[in-house]
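Take a look at the letters that make up each chain.
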Amino acid sequence: MVADLSQLVKAYDVRGVVPDQWDEALAALFGAAFVQVTGADAIVIGHDMRPSSPGLAGAFARGATARGADVTLIGLCSTDQLYYASGALDLPGAMFTASHNPARYNGIKLCRAGAAPVGQDTGLSEIRSLVERWSEHGAPVPAPDTVPGTVTERDTLADYAAHLRGLVDVSRVRPLKVVVDAGNGMGGHTVPTVFEGLPIDLVPMYFELDGTFPNHEANPLDPKNLVDLQARVVAEGADLGLAFDGDADRCFVVDERGEGVSPSAITALVAARELARNGGTGTVIHNLITSWSVPEVVRENGGTPVRTRVGHSFIKAEMARHGAIFGGEHSAHYYFRDFWNADTGMLAALHVLTALGSQDGPLSGLVDRYDRYPGSGEINSTVADQADRLAAVRAAYAGREGVAVDELDGLTVTSTDWWFNLRPSNTEPLLRLNVEARDGTTLAAVRDEVLALVRA
């Protein structure tokens, strides 16, 4: 096909409908372009459980080997397992997944050696240009002296699990009953191996690998996809519940009452533990939508908080620039220095299990100290003109006394008792609003005022 990549290549990855927007022929071109842009003589490839993933991964491998690169295929894996392989083997990597998107989608998450991210500014735009040109005019024939690369299969699951468990002291964890909802995604592949031997009574939900997602979307960020887990935690009298998204790089937590735990509270909890593990010092990265509680907890535990834009490429860049020990986002992405600055929800889950299992109280009591302020969650508004509505909101607040305005990522307005952030979606005609305040009455008032301006 002659490729129209305008909707396929996103800011951080490749993602679209198969075969409408892309197919195996295009995947082979991406493999060839990836090798050319990275200059790699060897790469590692993994894939999720979607029906189209093995074929796309194999085509990508063919494109890469035709350019002379050796390929290590690690087969079925979570995205953070692919990052592990990229880091441990010191190879650029390609993960075939569309994360939480519906079954008809697929995509590629790319990284350089050591799990360093590939985004628009770090190679993805060059890859896109090559694929567009080659899809129209044909890929150039490799030089006559090019020796095709080899393909080797390797299982990294046990090594991945061992690496994660080496980063958390699980030796004093009391027995816990844990319900895990894998959403028919890759958590069903990784959780049994990672949890093996721990004092955990595991109650599995939807562990069957099925890329058609027969039970619910593998997107725990949407509350409706947590309902089954919440009910099961209460029914089982479990200590907590964990929900993973389709490629199992994000982890959401439910307490013993079946109540969702804010990813900001998890970020603060893990930050305190990582700071303690590093002698009470270190830098922690948080995006600008995480709760006030995150920088507060970081400072209280001797660390230095650094605020950054939303998005894994920005978080990872700041992690590297500051030598940060940990980073967290409101979307339940958690990044660790000792995991090549990459994100792994599984390691965050092990921290939560260890923190809970090292004391006698319930999870709800444990996270209370980290969940300090009411928040709105993300509220989306469809608008005809994003820039016009952002300007209107900015004008309404810019002159107010005691109010600070910044535009690090969208529009953030901060007062003594509240803050809000309003960001445009990169892919849809939406503005995304997040509000936090010191009390619920103030939260409601600020939320309603901003939404009235946005939706005017």
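Treat the numbers as computed from the prediction; the structure is a model and nothing was measured. (Residues numbered from 1 in each chain as written. Predicted model: local features only at pLDDT ≥ 70, side-chain atom pairs only at ≥ 80, totals over all residues. Heavy atoms only, no water.)

Outline the pattern of salt bridges, supporting the account with residue identities and numerical values.
Tallying each qualifying case throughout the model produces 28 salt bridges. With its nearest N and O atoms 3.0 Å apart, the salt bridge here joins glutamate 236 to arginine 232. In this pair, glutamate 236 and arginine 232 both sit in helix H7 (residues 227-236), four residues apart, roughly one turn of the helix. The partner of glutamate 428 in a salt bridge is arginine 432, and the shortest N-O contact between them spans 3.6 Å. On the accessibility criterion, glutamate 428 (41% relative accessible area) is partly exposed. (Salt bridge = Lys/Arg side-chain N within 4 Å of Asp/Glu carboxyl O. Helix = DSSP H or I, 4+ residues; strand = E, 2+ residues; numbered from the N terminus. Buried < 20%, exposed > 50% of the residue type's maximum accessible area, 1.4 Å probe, protein only.)

Can you lay out the pairing of strand S13 (residues 283-287) for me, pointing to particular residues and giving the numbers?
Among the five residues of S13, five are classified as buried, and the element is accordingly described as predominantly covered. Where burial is concerned, the two faces of S13 agree: the one with Thr283, Ile285 and Asn287 and the one with Val284 and His286 are both buried. Here S13 runs beside strand S14 (residues 304-308); their pairing, made up of five bridges, is parallel. For threonine 283, the partnering residue across the bridge sits in S14 and is threonine 304. (Pairing = 2+ DSSP bridges.)

Just give me the short version of the side chain of lysine 109, but keep the residues and values in it.
Looking at the element boundaries, lysine 109 is found in strand S5 (residues 105-112). Note on lysine 109: relative accessible area 12%, which makes it buried. Of the polar contacts made by the side chain of lysine 109, one reaches the side chain of aspartate 247; its length is 2.8 Å. In contact with lysine 109, not counting residues within four places along its chain, are Asp13, Arg15, Thr79, Tyr83, Gly93, Ala94, Met95, Thr97, Ser99, Asp247 and Asp249. (Polar contact = N/O pair within 3.5 Å; in protein donor to acceptor, adjacent residues only side chain to side chain. Contact = heavy atoms within 4.5 Å.)

I'd like to hear about the nonpolar core, residue by residue, with values.
Core analysis: the biggest nonpolar cluster contains 83 residues, and Phe195, Leu240, Leu242, Phe244 and Leu363 have the highest contact counts within it. For leucine 242, the contacting residues outside a window of four places in its chain are Val178, Val179, Val180, Asp181, Phe195, Leu229, Cys251, Phe252, Val253 and Ala349. Leu8, Phe30, Ile45 and Ala59 belong to the second-largest nonpolar core, a separate cluster that totals 35 residues. (Core = buried A, V, L, I, M, F, W, Y, C linked by side-chain atoms within 4.5 Å.)

Residue-level account of the packing of aromatic side chains, with values.
Working definition: an aromatic ring pair is given by the centre-to-centre distance plus the angle between the planes. For the structure on display, the rule yields 13 aromatic pairs. With centroids separated by 5.9 Å and ring planes inclined at 70°, the aromatic side chains of tyrosine 84 and tryptophan 340 adopt a geometry described as edge-to-face. On the criterion of sequence distance, the pair formed by tyrosine 84 in helix H3 (residues 79-89) and tryptophan 340 in the loop between strand S16 (334-336) and helix H11 (345-357) is long-range, its members being 256 residues apart. Residue tyrosine 84 is classed as buried on the basis of its relative accessible area of 10%. Given a relative accessible area of 26%, tryptophan 340 falls into the partly exposed group. Residues phenylalanine 326 and phenylalanine 336 carry aromatic rings whose centres are separated by 5.0 Å and whose planes lie at 50° to one another, so their mutual orientation is tilted. Of this pair, phenylalanine 326 sits in strand S15 (residues 326-328) while phenylalanine 336 sits in strand S16; the two residues are 10 residues apart in sequence, bridging distant segments of the chain. Accessibility assignment for this pair places phenylalanine 326 and phenylalanine 336 in one class, buried. Grouped by ring-pair contacts, the aromatic residues Trp22, Phe30, Phe34, Phe60 and Phe96 constitute a single cluster. (Phe/Tyr/Trp six-rings, centres within 6.5 Å; stacked < 30°, edge-to-face > 60°.)

Describe the sheet that holds strand S9 (residues 200-205), naming the residues involved and giving the relevant values.
Spatially, five strands are ordered S9-S8-S10-S11-S12 in an open sheet, and the strand pairing comes out mixed. Edge strands, defined here as strands with exactly one partner in the open sheet, are S9 and strand S12 (260-261). Where strand S11 (residues 251-254) and S12 come together, two bridges link them in antiparallel fashion. Counterpart to valine 253 in the pairing with S12 is valine 261. Here helix H6 (residues 187-195) sits on the sheet and contacts strand S8 (176-181), S9 and strand S10 (240-244); the angle it forms with S9, its principal contact strand, is near 175°. (Axes fitted to C-alpha atoms, helices over the stretch in contact; angles between N-to-C directions.)

If you had to explain the environment of threonine 416 to someone new, which residues and values would you point to?
Following the sequence through the fold, threonine 416 ends up in the loop between strand S19 (411-414) and strand S20 (418-424). Note: C-alpha distance between threonine 416 and asparagine 380 (36 residues apart in sequence) is 25 Å. Apart from the residues lying within four places of it in its own chain, the contact partners of threonine 416 are Trp292, Gly402 and Arg438.

I'd like to hear about the pairing of strand S4 (residues 93-96), residue by residue, with values.
Neither face of S4 is left uncovered, since the one carrying Gly93 and Met95 and the one carrying Ala94 and Phe96 both have all their residues buried. Pairing analysis gives four bridges linking strand S2 (residues 42-47) to S4, with the strands arranged parallel. Each residue of the ladder has a partner; that of valine 44, found in S4, is glycine 93. Across four bridges, S4 lies against S5 in antiparallel orientation. Directly across from phenylalanine 96, in S5, lies its bridge partner isoleucine 108.

Report on the state of the cysteines, specifying residues and quantitative values.
Considering all chains together, one arrives at zero disulfides under this definition. Left unpaired, cysteine 77 is separated from the closest cysteine sulfur, that of cysteine 111, by 11 Å. Among the cysteines around cysteine 251, which has no disulfide bond, cysteine 77 carries the closest sulfur, lying 18 Å off. (Disulfide = S-S within 2.5 Å.)

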